[in-house]
Amino acid sequence: MKKFTKILSTVVAAALMAVTFTACGDSSSTSDGKKGSIKFGTNAEFPPFEFVASKGVIGEFDGIDMAIAKQIAEDNDKEAKIENMEFDSLLVALDNGKIDAAIAGMTVTDERKEKVDFSETYYNAKQVMIVKESSDIAKASDMADKKIVVIQGYTGETCVKKLGYAYQSFKKGTEAIMELVNGKCDVVVIDSATADKYVKDNEGLKIVEDNTEFENEEYAIAVKKGNKELLDQINKTIKKMKDDGKISELSAKYADVTDTDSSSESK
Ligand code: GLN
């Protein structure tokens, strides 16, 4: 009798478990009732586009790109999830399905276009040089015999490589800036809006532009090649946010926010 009860309870438990698992498998809704999620990959080291803050628009992630990602998800009744990784890993992560889209102030380049599909562009940028206020660097060719620092895998690295100058690369923009602040290098080549932020946040630095040497760049969101459904959804939101001035508004807002003080708390 005792044995029978034990068997019975095991059967009941197994049946209950099966029901529970079926319920989980069938449900694609998230806890707040949304229909699934979009996994965005980024490298949250690139203010004002993405950075970690005490209170960001998506969890601890804040910035122009994060606000765009949130809007794309919302427009499709989905939840935006962020996978923070090295910039260099983003295209691989798209390819192996770890993320659905990469949003990371990513410049559209022919080389990247061979690997992924890009959305409509949403931001114009260019490479600039950050130097100490006292520096005599006034154009790109003045960097020839200087200690140049770039960030690994960024278009800034491609530009310096093309010029044929020796350089050192760092994984993070903040590390590159510290080298400059501490006098260990003479110049950092990086995207314009991010350079503006670093110069605002660190004393004694200035920006030098060379518009003949550095071409215009455009940022877009990348998806896995052939993922037309998601690309269409992304493009719809980008177009809307460009047309109604939302992206310009975000650019202005985040130009003033620093890494540690989040938009909502201090403004
Ligand atoms: N725009 C640059 C690039 O695409 C840098 C992007 C980034 O660091 N997030 O390489």
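Up top is the structure.
Residues numbered from 1 in each chain as written. Predicted model: local features only at pLDDT ≥ 70, side-chain atom pairs only at ≥ 80, totals over all residues. Heavy atoms only, no water.

**Re the nonpolar core**
Nonpolar side chains in soluble globular proteins tend to be buried together. Judged by nonpolar contacts, the single largest core of 64 residues is most densely connected at Phe 40, Ile 68, Ile 130, Val 188 and Ile 221. If you tally residues by element for this core, the top one is helix 2 (residues 64-75), at seven residues. Dropping the residues within four chain positions of it, Ile 68 is found in contact with Ile 103, Tyr 122, Ile 221, Met 241, Ile 247 and Leu 250. Among the nonpolar cores identified, the runner-up in size contains 14 residues, and Met 129, Met 143, Val 187 and Phe 214 belong to it. (Core = buried A, V, L, I, M, F, W, Y, C linked by side-chain atoms within 4.5 Å. Buried < 20%, exposed > 50% of the residue type's maximum accessible area, 1.4 Å probe, protein only. Helix = DSSP H or I, 4+ residues; strand = E, 2+ residues; numbered from the N terminus. Contact = heavy atoms within 4.5 Å.)

**Considerations on the pattern of salt bridges**
The final tally for this structure, using the stated rule, is 14 salt bridges. Between Lys 171 and Glu 86 there is a salt bridge; the shortest N-O distance is 3.5 Å. With a gap of 85 residues between them, Lys 171 in the loop between strand 10 (168-170) and helix 6 (173-181) and Glu 86 in the loop between strand 5 (79-84) and helix 3 (90-95) connect regions that are remote in the sequence. Given a relative accessible area of 39%, Glu 86 falls into the partly exposed group. (Salt bridge = Lys/Arg side-chain N within 4 Å of Asp/Glu carboxyl O.)

**Brief notes about the sheet that holds strand 1 (residues 37-42)**
Pairing in this open sheet of five strands is mixed, and the strands run 5-1-6-14-7 from one edge to the other. Of all strands in the sheet, those bounded by a partner on one side alone are strand 5 and strand 7 (116-118). Across the sheet, helix 8 (residues 228-243) touches strand 1, strand 6 (101-102), strand 7 and strand 14 (222-224), and the angle it forms with strand 14 is around 165°. (Pairing = 2+ DSSP bridges. Axes fitted to C-alpha atoms, helices over the stretch in contact; angles between N-to-C directions.)

Shape descriptors only; they carry no functional weight alone.
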